[in-house]
Amino acid sequence: MLTRIDVLLFAAARDLIGRDSLAIDLDLPASAGAVLQAVCVAAPQLAPLATASRLAVNRSYVDGSARIEAGDEIALIPPVSGG
Amino acid sequence: MLTRIDVLLFAAARDLIGRDSLAIDLDLPASAGAVLQAVCVAAPQLAPLATASRLAVNRSYVDGSARIEAGDEIALIPPVSGG
Amino acid sequence: MEASGRSTIRVELVHSPIELAQWRSWVGDPDVGAHLWFEGVTRRTTGDQKTSRLTYEAFEPMALSELQRLGDWAVERFALTRLVIVHRLGTVEIGETSVLVGCSSPHRAAVMMAMPEIMNRLKSEVPIWKRQHDQDGEVRWVHPR
Amino acid sequence: MEASGRSTIRVELVHSPIELAQWRSWVGDPDVGAHLWFEGVTRRTTGDQKTSRLTYEAFEPMALSELQRLGDWAVERFALTRLVIVHRLGTVEIGETSVLVGCSSPHRAAVMMAMPEIMNRLKSEVPIWKRQHDQDGEVRWVHPR
């Protein structure tokens, strides 16, 4: 059964989409890598930036093998430039 | 002919002598090394500190071979500890 | 870390000008001999580009937790006595401070080693982004690859 | 160095408290992106010894010329935009600043590399001496060998 996930967007990613989150539908649990892939399919204009981005789950960075559960807060973190 | 030189003293060197300069008599011109040696002879209690010190001539450090002329300002600079 | 009842680390995101002087006494301690302060400020010139201002945004809750994690790591790694990291969000005009890092330790070697590492990690780990507004009107996000 | 009519280097010996905030705007410049400040402060504890205060003296004219020479070297070596070095003389109580070094540059690498070198040279070259007053009443000159 597909579950709807809102992926939080920031900076250039948000501007590319024009909204601060992107809804994707996924079978859960899924890997973080599968989430990233679904983002690129749902919004191809994000793909170049998304592949350079990291995913954060519940406000911590994860790698592609991390397991995403229903209710997790997912954020796409483009390359950062604070400082 | 011997010339009288006042060697400026600082910090522990001054406290060891109880004055802010030490008079020595030397044939000029002389090397800075000869000045340092004359200091140790004139005030043996200074010798341990003087051998760890540097000589400054006219407010610049010199090495032992530097030539001291009449009228030069000579200072004995114990190991420094600013900062 | 907090045996004395005083905390060792402070991290903040602020929306108004950063004043180093406000933090001077917090970073102080009778048993430190060295304070080191870094300020990142908006620079007018980058290569051929003339910047008029920068605007910063953050994923705020995560930026705060990443700053705290960075602070914990640095205090442990370099045995710092105090560490404060403040990052400004919103518009930062030329010459104004976008980030302030202050730290103290008994001897200067610790703060001198800590500071470059803290800034390197802050710039690679903390979810904060700058947008560069050029004098010719161009605006672009800075996303280092 | 001074094509703009502004000097790049300031060195001072002072007999009253050092205030970093007084120097903040002097170190600033529209074309710098990084400010770095070091403060050496009197520390209470050194090993088993409890210090009550430090007193500093200098061979003042030579200390100023050595500070200027050090500043010239550092500005040239690290391409600093501004550099200020202020050393206090006389009594410096615990927690007070004996030496302040502030510098700025377009990028942070330059100030981060410059600061440890400036302090190392200051501590080995500039004719300034500290006297340590211990809480048990002992007073001694510090002459590192």
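Being a predicted model, the structure only gives us computed values, none of them experimental. (Residues numbered from 1 in each chain as written. Chains lettered and ligands numbered in written order. Predicted model: local features only at pLDDT ≥ 70, side-chain atom pairs only at ≥ 80, totals over all residues. Heavy atoms only, no water.)

### Topic: the confidence of the model for chain C
Scored by pLDDT, chain C comes out at a mean of 95, with 96% of its residues at no less than 70. Predicted complex metrics record ipTM = 0.95 and pTM = 0.95. (pLDDT = per-residue confidence, 0-100.)

### As for the interface of chain C and chain A
Residue-level contacts link 27 residues of chain C with 23 residues of chain A. Of the roughly 2,000 Å² buried at the junction of chain C and chain A (both faces included), carbon and sulfur atoms supply 57%. The largest per-residue losses of area from chain C upon contact with chain A belong to C:Phe59, C:Met62 and C:Trp129, which jointly make up 28% of the total buried on that side. Applying the counting rule to chain C against chain A returns three salt bridges. C:Arg131 is the partner of A:Asp15 in a salt bridge, and the nearest nitrogen-oxygen pair spans 3.8 Å. Where chain C meets chain A, there are 16 residue pairs in polar contact (both at pLDDT 80 or more). If you list the elements that add at least two residues to the side of chain C that touches chain A, you get strand 4 (49–58), helix 2 (60–78), strand 7 (97–105), helix 3 (108–125), strand 8 (128–134) and strand 9 (139–142) of chain C. (Contact = heavy atoms within 4.5 Å. Buried area = accessible area lost by both parts, 1.4 Å probe. Salt bridge = Lys/Arg side-chain N within 4 Å of Asp/Glu carboxyl O. Polar contact = N/O pair within 3.5 Å; in protein donor to acceptor, adjacent residues only side chain to side chain. Helix = DSSP H or I, 4+ residues; strand = E, 2+ residues; numbered from the N terminus.)

### Here we look at the environment of C:Glu138
Residue and element names in this part refer to chain C. For Glu138, the position within the fold is in the loop between strand 8 and strand 9. Residues Glu138 and Thr51 lie 87 residues apart in sequence; the distance between their C-alpha atoms is 9.3 Å. Apart from residues no more than four positions distant in its own chain, Glu138 is found in contact with Gln132 and His133. Here the side chain of Glu138 touches Arg140 through a polar contact of 3.2 Å, side chain to side chain.

### What about the pairing of strand 2 (residues 34–41) of chain C?
Strand 2 of chain C sits mainly inside the fold: eight of its eight residues count as buried. Residues C:Ala34, C:Leu36, C:Phe38 and C:Gly40 point to one face of strand 2 of chain C and C:His35, C:Trp37, C:Glu39 and C:Val41 to the other, with burial holding for every one of them. Strand direction decides the pairing type here: strand 2 of chain C and strand 7 of chain C, joined by eight bridges, are antiparallel. Counterpart to C:Leu36 in the pairing with strand 7 of chain C is C:Cys103. Bridge analysis of strand 2 of chain C against strand 2 (residues 34–41) of chain D gives seven bridges, and the strand direction is antiparallel. When the sheet's bridge partners are listed, C:Glu39 is paired in strand 2 of chain D with D:His35. (Buried < 20%, exposed > 50% of the residue type's maximum accessible area, 1.4 Å probe, protein only. Pairing = 2+ DSSP bridges.)

### Focus: the state of the cysteines
Note: disulfide means a covalent bond formed between the sulfur atoms of two cysteine side chains. Taken as a whole and judged by the stated rule, the model has zero disulfides over all chains. Summary of cysteine pairing: D:Cys103 is not part of a disulfide, and the nearest cysteine sulfur, belonging to C:Cys103, is at 14 Å. (Disulfide = S-S within 2.5 Å.)

### Overview of the sheet that holds strand 5 (residues 82–88) of chain C
If you walk across this open sheet you meet the eight strands as 1(C)-5(C)-7(C)-2(C)-2(D)-7(D)-5(D)-1(D), and the pairing is mixed. Single-partner strands in this sheet number two, and they are strand 1 (9–14) of chain C together with strand 1 (9–14) of chain D. For this sheet the average axis-to-axis angle between neighbouring strands, irrespective of direction, equals 5°. In the packing of helix 3 of chain C onto the sheet, the strands contacted are strand 2, strand 5 and strand 7 of chain C together with strand 2 of chain D, and the crossing angle to strand 7 of chain C comes to about 150°. (Axes fitted to C-alpha atoms, helices over the stretch in contact; angles between N-to-C directions.)

### Quick word on the relation of the copies chain D and chain C
In screw terms, the move from chain D to chain C is a rotation of 180° and a rise of 0.0 Å along the axis, fitting with an RMSD of 0.0 Å. Taken together, the rotation and translation relating the two chain copies correspond to the operation of a two-fold axis. Judged by C-alpha distance, D:Trp37 is the residue of chain D that lies nearest the rotation axis, at 2.5 Å. Both copies present the same face, since 100% of the interface residues in chain D are matched by interface residues at the equivalent positions in chain C. (Least-squares fit on C-alpha atoms with pLDDT ≥ 70 in both.)

### Things to note about helix 2 of chain C
Given 3.6 residues per helical turn, the α-helix brings residues three or four places apart onto the same face. Here helix 2 of chain C spans 26 Å end to end across 19 residues, near enough to the 27 Å set by a 1.5 Å rise per residue. Where helix 2 of chain C is concerned, the buried positions are C:Met62, C:Ala63, C:Glu66, C:Leu67, C:Leu70, C:Gly71, C:Ala74, C:Val75 and C:Phe78. (Expected span 1.5 Å × (residues − 1).)

### A short note on unusual backbone geometry
Following A:Leu28, the chain continues to A:Pro29 via a peptide bond in cis, the omega torsion being -5°. As for its placement among the helices and strands, A:Pro29 is situated in the loop between strand 2 (21–27) and strand 3 (30–31). For C:Ala79, which is not glycine, the phi torsion reads 55° and is therefore positive. Of note, C:Ala79 is situated in the loop between helix 2 and strand 5.

### Thoughts on the side chain of C:Ser98
Its place among the elements puts C:Ser98 in strand 7. Every residue in contact with C:Ser98, bar those within four places of it in the chain, is listed here: A:Gly83, C:Ile18, C:Gly40, C:Val41, C:Tyr56, C:Val86, C:His87, C:Arg88 and C:Val92.

### Here's the deal with the sheet that holds strand 1 (residues 2–8) of chain B
Residues and elements named next belong to chain B. Within the open sheet, the five strands sit side by side as 2-1-7-4-5. Their pairing is mixed. The strands lining the two open edges of the sheet, one partner per strand, are strand 2 (21–27) and strand 5 (60–62). Taking each pair of neighbouring strands and ignoring which way they run, the sheet shows an average axis angle of 40°. By the bridge criterion, three bridges tie strand 4 (residues 54–57) to strand 5 in an arrangement that is antiparallel. In the sheet register, Ala56 faces strand 5, and the bridge partner there is Tyr61. Seen against the sheet, helix 2 (residues 32–42) touches strand 1, strand 2, strand 4, strand 5 and strand 7 (74–77) and runs at an angle of roughly 120° to strand 2.

### Structural notes on the environment of A:Leu26
All names here are of chain A. Its place among the elements puts Leu26 in strand 2. Between the alpha carbons of Leu26 and Ala38 there is a distance of 7.8 Å; along the sequence they are twelve residues apart. Dropping the residues within four chain positions of it, Leu26 is found in contact with Met1, Leu2, Thr3, Ile5, Ala34, Val35 and Ala38.

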